[in-house]
Amino acid sequence: MRLRDNLYSETTWDIYETRYDPDQMITSGSNFMIGNGFLGYRGTFPDDRAEQYVGCIVTDTWDNADGVWSELVNAPNGLWLQVLAGEDGGPLCWREASPDTWRRTLDFRYGVWCGEAAWPEAGIHMVEERFAGRDELHLLAARTRITASSPVRLEVRTGIDGQSWNLNGEHLPELVLRHHEGSGTVEAAGRTGQHHYDVVVVQGERFSVEGRTPGEGRAPTPAAVVASGRRIESSRVISLQPGETVTVERYVGVFTTNDLRESGDTSVEAVRHAAAAVVQRARNSTWDALIQAHRAAWDGLWQDLDVQIDGDELAQTVLRYNLYHNVIATPIHADHLPVGARGLSCQAYQGAAFWDQEVYNMPHFLYTRPEIARNILTYRYRTLPGARQKARDLGYQGAFYAWVSGDTGHEICPSWFFKDVLSGRPIRNHFNDWQIHISPDIVWALDRYIEVTQDRAFLISCGAEIAFEVARFLVSRVHYRVDRECYEVIRVLGPDEYHENVDNNYFTNWQVRYACAAAARWYRELHSSNPAELAEIARRINLHEKEPGQWEDVAERIFVPTPDPQTGLIEQFQGFFQLEDISPEDLKERLLDPGEYWGWPNGIAVATQVSKQADVLQLMVMHPQAEELEVIRRNWEYYEPRTQHGSSLSYAVYATSAARLELLEDAYRYFLRSCTVDLFNTGKAISGGTFIGGIHTAACGVAWQIAVQGFGGVAVTTDGISLDPHLPPGWDRLTFTLRWRGAAVDVTITPADITASSRRESTTELPLRVGSAGWRQLLPGEMVVIARG
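How each quantity is defined
- Residues numbered from 1 in each chain as written.
- Predicted model: local features only at pLDDT ≥ 70, side-chain atom pairs only at ≥ 80, totals over all residues.
- Heavy atoms only, no water.
- Salt bridge = Lys/Arg side-chain N within 4 Å of Asp/Glu carboxyl O.
- Helix = DSSP H or I, 4+ residues; strand = E, 2+ residues; numbered from the N terminus.
- Buried < 20%, exposed > 50% of the residue type's maximum accessible area, 1.4 Å probe, protein only.
- Pairing = 2+ DSSP bridges.
- Axes fitted to C-alpha atoms, helices over the stretch in contact; angles between N-to-C directions.

In a structure, side chains of opposite charge can pair up when their charged atoms sit close to one another. The tally for this structure, following the rule as stated, stands at 58 salt bridges. Between Glu249 and Arg206 there is a salt bridge, with its nearest N and O atoms 2.9 Å apart. Taken as a pair, Glu249 in strand S20 (residues 245–256) and Arg206 in strand S17 (residues 198–210) lie far apart in primary sequence, 43 residues in all. A residue is classified by how much of its surface remains accessible, and Glu249, at 11% relative accessible area, is buried. Across the salt bridge formed by Arg759 and Asp304, the nearest N and O atoms sit 2.6 Å from each other. On the criterion of sequence distance, the pair formed by Arg759 in the loop between strand S32 (753–758) and strand S33 (766–770) and Asp304 in helix H3 (residues 287–305) is long-range, its members being 455 residues apart. Taken as a pair, Arg759 and Asp304 share a single burial class, namely buried. What you see here is one network of salt bridges that share partners, running through Arg388, Glu465, Glu469, Arg472, Glu536, Arg539, Arg540 and Glu547.

Read from one edge to the other, the open sheet built from five strands follows the order S21-S30-S31-S32-S35, with strand pairing classed as antiparallel. Taken across any chain shown, the strands that pair with only one partner, and hence form the sheet edges, are strand S21 (308–310) and strand S35 (783–787). Taken pair by pair, the neighbouring strands of this sheet meet at an average axis angle of 20°, ignoring direction. Here three bridges tie S21 to strand S30 (residues 733–740), and the two strands are oriented antiparallel to one another. In the strand pairing of S30, Ile309 is matched with Leu734.

Our next topic: unusual backbone geometry. Generally, phi is negative for residues other than glycine and the peptide bonds are trans, each holding for most cases. Cis geometry marks the peptide bond from Trp600 to Pro601, where omega comes out at 0°. Backbone geometry places Asp5, a non-glycine residue, at a positive phi of 45°. Here Asp5 is to be found in the loop between strand S1 (2–4) and strand S2 (7–8). Backbone geometry places Asn504, a non-glycine residue, at a positive phi of 50°.

So far we have only geometry, and geometry alone does not tell us how the molecule works.
This is the structure in structure tokens:
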């Protein structure tokens, strides 16, 4: 199936391209990447180097090399391989191979990259497979098979290339390169400049020849190892006859200081030993055994995380592609690491968490693998000290979470994020001090988690403290209007980042009310059910008994814009409707340079109603019951033509809300736009002079929400799970898994009926409602088929 231009799929579990396009070098490297939440390896070719944007981005390695940007380390490339053919020893470049057999494939069911190329003039055909271990997170593995169609002399070079592609400085300024003769491995070890983290890459290989008579000569020469500059390589020379194949397997172990925190020994010797041990275990196994274990781990995940669509192969392919990237961007193995806005596809956005993490990435896991959602929220608990520090630094109380949050939770978003491309001067943005909705957004996610799981232990150990500290911050941040007898929130940014320094943003004020009410509710609940535990929390954070009353007062008296009684419209922020009303298309004509930033303070959108992304509709998607359906419809119709979609987050909001409104043509159109931001390269790689390319992980995560909560019509409430589906034309079947408290249910929706099957592993009944019908109890192991109206 042809997806677009040079992009195809055979199985709905893969994508492939059949020719090299240099204009898509950065994009294809991201789209075809492999990863596992610990590291991400870009989908480049074996002989590529820094100039081709090779990347092995490793989590938990934040370093500031240029004094401005904290970002993750791009580790030395342990999968580098180069083949030289013929007597003159000319290199066989993958990017210049014959187009007749050229192919690059990503199997995203199992996270396996495959490249195929031929050089007829040299009589060589090459196939490489690689994967980032799903069961062994510190392992990168590759197998290259080189087959001769005519007699040929080959030199095969493998090794570790330490010349890294970095956005903002070299993070491993000095590399120590070693060759271990006893084990036959090579090693590159470096130390970051800021925190002095050790990063170690060890590579070992297996070299074999097939199709040759046993005992026959022409064995490869012993490996010659050379270290030069930032690269260490081994070289073997071999002569092949037609039909013979050289197989080169490379096994790479990657470890850092931070991976050994819990062991108590974080010395460089311990890091080196750990990386070498990964390689040794791999070499003691076989390629087939390793990839079988890797695939089994993926199968276990897809049992819950997959969403199946019958009748629309395009939709199925792009949906699974996005689910895959959400999984490999998420450190599901840890509870102290964030989901980066560009995952591990590159260093853009610093490998750090934004509000995207809770609002866009987390729901995919919350309703399918809630233990992963727990890890994400535990990360926010672990980073409370950073959030408290930020609040204090800005003169507030409680916890003001970082807009850009790395390992510690301290704010790493620069104040000068973009530059004016016309003058060359930096732009002072206020993402890091005015975009306060990040804190109540986390409480919203926490409330969703507690509702779905009833995990009271987490509420007591982590959740309540998060909510109480956020409420404290919000109480100190709101302003009381004596003349109006209400609280207001002034000088903020809502989700629409083009409009800074606005007052009473609908989304922000609504979330402030919600978070304060949730904190007060949990305080009252714990006061009744767990007074001793509540007393310990109060002692730990020095909580005064009068404070919950303040939270309730803010929740009751904060001003939240309401629908206009005549039009049903909700003003995005105070004064929004007085701004110039112009379409994004017409506004674009005012640009003097295509690279201009549209927003604050002098961008072309600031004085207009053109929004960067969904704002009012964002709230209505997160809180489906916040407004009447007709109000949602009127606001969708008003704001949709005024939204520029300058953020990849925007399409999904309009898709999900359109599905609920039964605007199925619009919903499907926005679903495809959201799911192909990366695949079809529709996003911006540079904005305001800043590189923001790579995989848009939030758009990947939210694909699940469009399919399940939008088209599937799933709503999870205090009463249970309700279904009100609206399938796009051509969709014959939509199947997914949901978890609610102790119940696990597989749901299949067709145009005729809905089948809900509770798995035998379920430990509780599931309250279920379809459409406007009454609630029914689905017992563990029970299956029901319900006809649709």
